[in-house]
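Letter by letter, the chains look like this.
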Amino acid sequence: MASDQATLSRPVSTVDPFSHEFLRDPYPHHEALREAGPVVWLEKYGIWTMARHQEVRDALTDWQTYCSSAGVGLSDFRKEPPWRPPSIILEADPPLHTRTRAVLTRILSPAAIKILRETFDREAELLIDRLVDRREFDGIADLAEAYPLKVFPDAVGLSEDGRENLLPYGSMVFNSFGPRNDLFDKATANAGPVRDWIMSKCSRAALAPGRLGMQIFDAVDAGELTENEAGMLVRSFLSAGIDTTVYGLGNALYCFAAYPEQWTILRENPALIRGAFEEVLRFEAPVQTFFRTTTKAVEVSGVRIGDGEKVLLFLAAANRDPRRWDKPDTFDVRRRATGHMTFGTGIHGCVGQAVARLETEAILTALAKRVASFELTGEPERRLNNTLRGFDRIPLRVVPV
Ligand code: OVV
């Protein structure tokens, strides 16, 4: 069994995808992993990885073979205890996933998003007006963090107090998908109080009536969820709904500061804003990776993967696979970028993606009205994370229209 020919000829890499060096500049490593083969053995962790578009997409679509219930990080929930009770949507398979997903799909439906738009647009305009009046600001703290931290918790129905716990919790969640390295240790150093605060906000009593959070509890009254499950789905909102959009907005600002001609194209034709956000997600994916675990032995392009093995899916590498994309390393807002893997695909494809688009379109639309160009007043500083790619600081000056 172990001396199987395909296993002996498997492509191998010694790279550590969670080292600082890799995370700082992943793109040469992505290329090496794509070129090494359709599926590559990572010696350092004893796991498989896929970095080509076709294989990543196929794995995400085949949830029967590539399951989520053993965790979507490196840690195998069948072998070691999870650091928190597993998410009942992200870290679940059908039939549990089907039931919880149906509730969030309804709460985040196009009709529900439409109701949020007016407030999200108004808050974006207020914030951008203030920042343009200031001229100079930090693109991360003052914009990419400030906006989602206002509009999303408001939409969920969270009270104002303690919202400073949301970013530390997100950092914990997304670093925990990687190995127990220095980034994980740093993010979880103050885990107790942050986790306690999060859980205290997940109860019916903590949520404002009528908002997204309480709508989850309405599903309890309708017999779709237990009270405990509803709290766990509110936790999913607070886990997945902030850092992802913070990193996405930050990466958008970075792209338009780095490629000013692309901002000019966008300003001259705001109809391109929707597609431009997809291109940001393709080009600088805020979510770089997720794992799956095999439920049976499977052959992928001539390589045998055994049962119960971890597979690291490189969403961000799929997004720049030259087999799929023309000039993959060029940031081009006119490109048809849909088909990128940043939101995933299949039954676990991002359920909140309409909220992410709503936030980004509101901000980019407000910026397009008031900002002729962005200038960096210093070097952007990266914030390293085992899953997310983005910045700690982007010192900006805007030139008003
Ligand atoms: C997509 C995502 C990321 C992080 C956490 C969760 C979901 C969750 O359901 O807790």
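Quick look at the structure, then.

Thresholds applied
Residues numbered from 1 in each chain as written. Predicted model: local features only at pLDDT ≥ 70, side-chain atom pairs only at ≥ 80, totals over all residues. Heavy atoms only, no water. Core = buried A, V, L, I, M, F, W, Y, C linked by side-chain atoms within 4.5 Å. Buried < 20%, exposed > 50% of the residue type's maximum accessible area, 1.4 Å probe, protein only. Contact = heavy atoms within 4.5 Å. Salt bridge = Lys/Arg side-chain N within 4 Å of Asp/Glu carboxyl O. Helix = DSSP H or I, 4+ residues; strand = E, 2+ residues; numbered from the N terminus. Pairing = 2+ DSSP bridges. Axes fitted to C-alpha atoms, helices over the stretch in contact; angles between N-to-C directions. Parallel < 35°, antiparallel > 145°, perpendicular 65-115°, else oblique. Left-handed = near helix turned anticlockwise from the far one by under 90°. Nonpolar A, V, L, I, M, F, W, Y, C, P; charged D, E, K, R; others polar. Near = heavy atom within 4 Å. Polar contact = N/O pair within 3.5 Å; in protein donor to acceptor, adjacent residues only side chain to side chain. Expected span 1.5 Å × (residues − 1). Arc of directions from axis to C-beta. Disulfide = S-S within 2.5 Å.

1. Some points on the nonpolar core
Logical step 1: With 104 residues, the main nonpolar core has M50, F256 and F374 as its most contacted residues.
Logical step 2: If near-sequence neighbours (up to four positions away) are discounted, F256 is found in contact with Q262, W263, L266, A276, V280, F331, V333, L364 and F374.
Logical step 3: With 13 residues, the next largest nonpolar core counts V40, I47, F291 and F314 among its residues.

2. Brief notes about the pattern of salt bridges
Logical step 1: If you walk through the whole model with that rule in mind, you get 26 salt bridges.
Logical step 2: A salt bridge links R370 to D133; the nearest nitrogen and oxygen atoms lie 3.7 Å apart. On the criterion of sequence distance, the pair formed by R370 in helix α17 (residues 353-370) and D133 in helix α6 (residues 110-134) is long-range, its members being 237 residues apart.
Logical step 3: Residue D154 is joined to K150 by a salt bridge in which the shortest nitrogen-to-oxygen separation is 2.8 Å. Of this pair, D154 and K150 are both found in helix α7 (residues 139-156), 4 residues apart, which corresponds to roughly one turn of the helix.
Logical step 4: For K150, a relative accessible area of 30% corresponds to the partly exposed category.
Logical step 5: Salt bridges linked by common partners bring E35, D321 and R323 together as one network.

3. Digging into the environment of R78
Logical step 1: Within the secondary structure, R78 is located in the loop between β4 (66-67) and α5 (96-107).
Logical step 2: Between the C-alpha atoms of R78 and D129, which are 51 residues apart in sequence, the distance is 51 Å.
Logical step 3: Here R78 is in contact with C67, A70, T294, T295 and G308, once residues within four sequence places are set aside.

4. A few points about the sheet that holds strand β13 (residues 395-400)
Logical step 1: Read from one edge to the other, the open sheet built from 3 strands follows the order β5-β13-β10, with strand pairing classed as antiparallel. Looking at strand neighbours, the two that pair on one side only are β5 (136-138) and β10 (371-376), the edges of this open sheet. For this sheet, the mean inter-axis angle between neighbouring strands, taken without regard to orientation, is 35°.
Logical step 2: By the bridge criterion, 3 bridges tie β5 to β13 in an arrangement that is antiparallel. Among the inter-strand pairings, E136 is bridged to a residue of β13, identified as R397.
Logical step 3: Here α6 sits on the sheet and contacts β5, β10 and β13; the angle it forms with β5, its principal contact strand, is near 125°.

5. A word on the packing of helix α11 (residues 212-221) against helix α12 (residues 227-240)
Logical step 1: One way to put it is that α11 packs onto α12 with a least axis distance of 9 Å and a crossing angle of 155°. On the basis of the axis angle, α11 is roughly antiparallel to α12. Helix-helix and strand crossings are classified by hand; for α11 and α12 the assignment is right-handed. For the pair formed by α11 and α12, the contact residues are L212, G213, I216, F217 and V220 on the first element and E227, A230, G231, L233, V234 and F237 on the second.
Logical step 2: Among the residues forming the contact of α11 with α12, the class breakdown is 8 nonpolar, 2 polar and 1 charged.

6. Observations regarding unusual backbone geometry
Logical step 1: With omega at 5°, the peptide bond leading from P94 into P95 counts as cis.
Logical step 2: Relative to the assigned elements, P95 resides in the loop between β4 and α5.
Logical step 3: The backbone phi angle of R135 is positive, close to 70°, even though this residue is not glycine.
Logical step 4: Counting through the fold element by element, R135 comes out in the loop between α6 and β5.
Logical step 5: Unlike most non-glycine residues, K327 shows phi in positive territory, near 45°.

7. Digging into the site of the ligand
Logical step 1: Taken together, the residues surrounding the ligand are R84, S87, I89, L90, V173, F174, F177, S236, S239 and A240.
Logical step 2: Separating an oxygen atom of the ligand from a side-chain N or O atom of R84 is a distance of 2.8 Å.
Logical step 3: Contact distances for the ligand include 2.7 Å between an oxygen atom and a side-chain N or O atom of S87.
Logical step 4: Elements represented by at least two residues in the shell around the ligand include exactly α8 (166-175) and α12.
Logical step 5: Per-element accounting of the shell around the ligand gives the leading share, 3 residues, to α12.
Logical step 6: Among the residues making up the shell around the ligand, the classes are represented as 6 nonpolar, 3 polar and 1 charged.

8. As for α5
Residues three or four positions apart in an α-helix share a direction because the helix packs 3.6 residues into each turn.
Logical step 1: In a regular helix each residue adds 1.5 Å, so 12 residues correspond to 16 Å; α5 covers 17 Å between its end C-alpha atoms and thus fits that length.
Logical step 2: Of all the residues in α5, the buried ones are H97, T100, R101, V103, L104 and I107. Seen from one end, α5 has its buried residues packed into an arc of 155°, which puts them on one side.
Logical step 3: Structurally, α5 contributes buried residues whose contacts are with α6, α11 and α12.

9. Focus on the state of the cysteines
Logical step 1: For the structure shown, the criterion picks out 0 disulfides.
Logical step 2: We note that C350 lacks a disulfide partner, and the nearest cysteine sulfur, in C202, lies 18 Å from it.
Logical step 3: Classification of C350 by relative accessible area gives partly exposed; the value is 28%.

In short, the description is geometric, and any link to function would need to be established separately.
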